[in-house]
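Descriptive analysis of the structure
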Amino acid sequence: MPNPPHRPRPRPRPRTVLAMSPGAATALLDPDVLAAFADVCELQQPPVLDEFTGERARELLGRAEVLITGWGCPLLDEAALAAAPKLRAVVHTAGSVRGHLTPACWERGIEVSSAAAANALPVAEYTVAMILLSGKHVLERAHAFKAARHRDDPLGTPRSVGNYRRTVGILSASHVGRRVVELLRPYDFEVLLHDPYVDGADAAALGVRAVGLQELFERSDVVSVHAPLLPATRGLVGRSQLAALRQDAVLINTARGAVVDQDALTEAVLARQIRVVLDVTEPEVLPPEHPLWDCDNALITPHLAGSQGNEWQRLTDVAVRELAQWAAGEGFAHPVRADRLEFLA
């Protein structure tokens, strides 16, 4: 009889532990999501750890080959890693991994994936919406309409209002910055980019023009901040840049509040030099008595641009695909590499 065809032995499903805050677990891990994870891994029970020091946590870490992490995950430091000798991968269901992963993870060769690219999508959508709305002066005109209860003559609209041939400046070709550039392509905008790591040829490939930091502010009707908060970017946008903005220009910040000098920004807004859309501030949240709360040329939203509500599904969908691909021996589609850590938010 002929020998039966050789069939490769199926790869064992990795033992996987979930680690995040109770609030993140409630938001992200509905029964369908847990079932999707269980299809591609051996999900350990109980389903979620929010600390790494207790007896049960140490028991689970001792078995874990993969951690699925989320907002509020405890710090995976050397002590936690020592309790997890079999750990080979971390799949993060949100963006930045700085809050819970340490260099020791990469030093031990642990592979890391992040849903940063997926979380960038709603931030970019929010940004484009605010660019378009600010061009039409929607916030200010809606307030005036509500107060007056009648419409002004539309033919008297100033030529400063509108979105035709406006210049949009993008600060940083991050995940979000690049997605904003993509989403702006159908519109009649000139798009400028400042990113010290993107040269003219790379910018041209993105369909934008690379400029210096000061030129970005001098030429733009709207500047949208997408730089990560790093030692080199803290206070990157200061008085000099804000003063270079033309009268009635708009600054949008969906990155981190500390990238912008908050005092200088407040002064510019109070002087009615510029308009601002701030999804982040420094500090976050601003004190109740802060003058920006009462400025009609400042729109402040509660850090809502990132994934919320049904957008959490996108994050967990990405995490499930990443885990399935890794478990199949194909590596991560969205790896976080050690040599990029200093550039990540």
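Residues numbered from 1 in each chain as written. Predicted model: local features only at pLDDT ≥ 70, side-chain atom pairs only at ≥ 80, totals over all residues. Heavy atoms only, no water.

1. A closer look at the overall build of the protein chain
Of the regular secondary structure elements, the protein chain holds 13 helices and twelve strands. In terms of overall dimensions, the protein chain has a C-alpha envelope of 90 × 50 × 40 Å along the principal axes. If you take every contact in the protein chain between residues at least 6 apart in sequence, the share linking residues at least 24 apart comes to 66%. As displayed, the protein chain offers around 17,600 Å² of accessible surface, 53% of which is attributable to carbon and sulfur atoms. Charge-centre separation for the protein chain: the mean point of 35 positive side chains lies 5 Å from the mean point of 42 negative side chains. (Helix = DSSP H or I, 4+ residues; strand = E, 2+ residues; numbered from the N terminus. Contact = heavy atoms within 4.5 Å. Areas by Shrake-Rupley, 256 points an atom, 1.4 Å probe, with all protein chains shown as cover. Lys, Arg positive; Asp, Glu negative; His and termini not counted. Charge placed at Lys NZ, Arg CZ, Asp CG, Glu CD.)

2. As for the UniProt feature "domain: D-isomer specific 2-hydroxyacid dehydrogenase NAD-binding" (unreviewed entry) in the protein chain
Under the local residue numbering, the UniProt record ascribes the feature "domain: D-isomer specific 2-hydroxyacid dehydrogenase NAD-binding" (unreviewed entry) to residues 131–305. Secondary structure content for residues 131–305 is 31% helix and 18% strand, and the end C-alpha separation is 13 Å. (UniProt positions renumbered as here; feature names shortened; annotations may be inferred.)

3. Notes on the sheet that holds strand E3 (residues 66–69)
Pairing is parallel across the open sheet formed by five strands, whose spatial order is E2-E1-E3-E4-E5. A strand with exactly one partner marks an edge of an open sheet, and here the two such strands are strand E2 (42–49) and strand E5 (111–113). Across this sheet, the average inter-strand angle for adjacent strands is 15°, counted without regard to direction. Where strand E1 (residues 15–19) meets E3, four bridges bridge the pair, whose relative direction is parallel. Looking at E3, one finds that Thr-16 is bridged to Val-66. (Pairing = 2+ DSSP bridges. Axes fitted to C-alpha atoms, helices over the stretch in contact; angles between N-to-C directions.)

4. Describing the sheet that holds strand E10 (residues 249–253)
The parallel open sheet is built from seven strands, whose spatial order is E8-E7-E6-E9-E10-E11-E12. The sheet is open, and its two borders are formed by strand E8 (209–210) and strand E12 (298–300), each paired with just one other strand.

5. A look at helix H6 (residues 116–135)
Here H6 is 20 residues long and its end C-alpha atoms lie 28 Å apart, about the 28 Å a rise of 1.5 Å per residue gives. Once H6 finishes, His-137 follows within two positions and takes phi at roughly 55°, a positive value. (Expected span 1.5 Å × (residues − 1).)

6. Quick word on the packing of aromatic side chains
Under the defined criterion, the tally for this structure stands at two aromatic pairs. Here the aromatic rings of Tyr-187 and Phe-189 are separated by 6.0 Å at their centres, their planes lie at 40°, and the arrangement is tilted. Ring plane angle 20° and centroid distance 6.3 Å describe the contact between Trp-326 and Phe-332, whose orientation is recorded as stacked. The same class applies to Trp-326 and to Phe-332, which are both buried. (Phe/Tyr/Trp six-rings, centres within 6.5 Å; stacked < 30°, edge-to-face > 60°. Buried < 20%, exposed > 50% of the residue type's maximum accessible area, 1.4 Å probe, protein only.)

7. Some details on the packing of helix H2 (residues 31–40) against helix H13 (residues 312–327)
Put simply, H2 and H13 touch, their axes get as near as 9 Å, and they point 10° apart. On the basis of their axis angle, the class for H2 and H13 is roughly parallel. On H13, the residues touching Val-33, Ala-36, Phe-37 and Val-40 of H2 are Gln-313, Thr-316, Ala-319, Val-320, Leu-323, Ala-324 and Ala-327. Looking at the contact of H2 with H13 residue by residue, the class counts come to nine nonpolar, two polar and no charged. (Parallel < 35°, antiparallel > 145°, perpendicular 65-115°, else oblique. Nonpolar A, V, L, I, M, F, W, Y, C, P; charged D, E, K, R; others polar.)

8. Description of the nonpolar core
Residues Phe-217, Leu-242, Leu-251, Leu-265, Val-269, Ile-274 and Val-276 are the most contacted members of the largest nonpolar core, which totals 29 residues. Of all the secondary-structure elements, those providing two or more residues to this core are helix H10 (213–219), strand E9 (222–225), helix H11 (239–244), E10, helix H12 (262–270) and strand E11 (274–278). Broken down by element, the residue count for this core peaks at four residues, all from H12. Ignoring any residue separated from it by four or fewer positions in sequence, one finds Phe-217 in contact with Val-223, Val-237, Gln-241, Ala-244, Leu-245 and Leu-251. With 26 residues, the next largest nonpolar core counts Val-123, Val-128, Ala-173 and Ala-305 among its residues. (Core = buried A, V, L, I, M, F, W, Y, C linked by side-chain atoms within 4.5 Å.)

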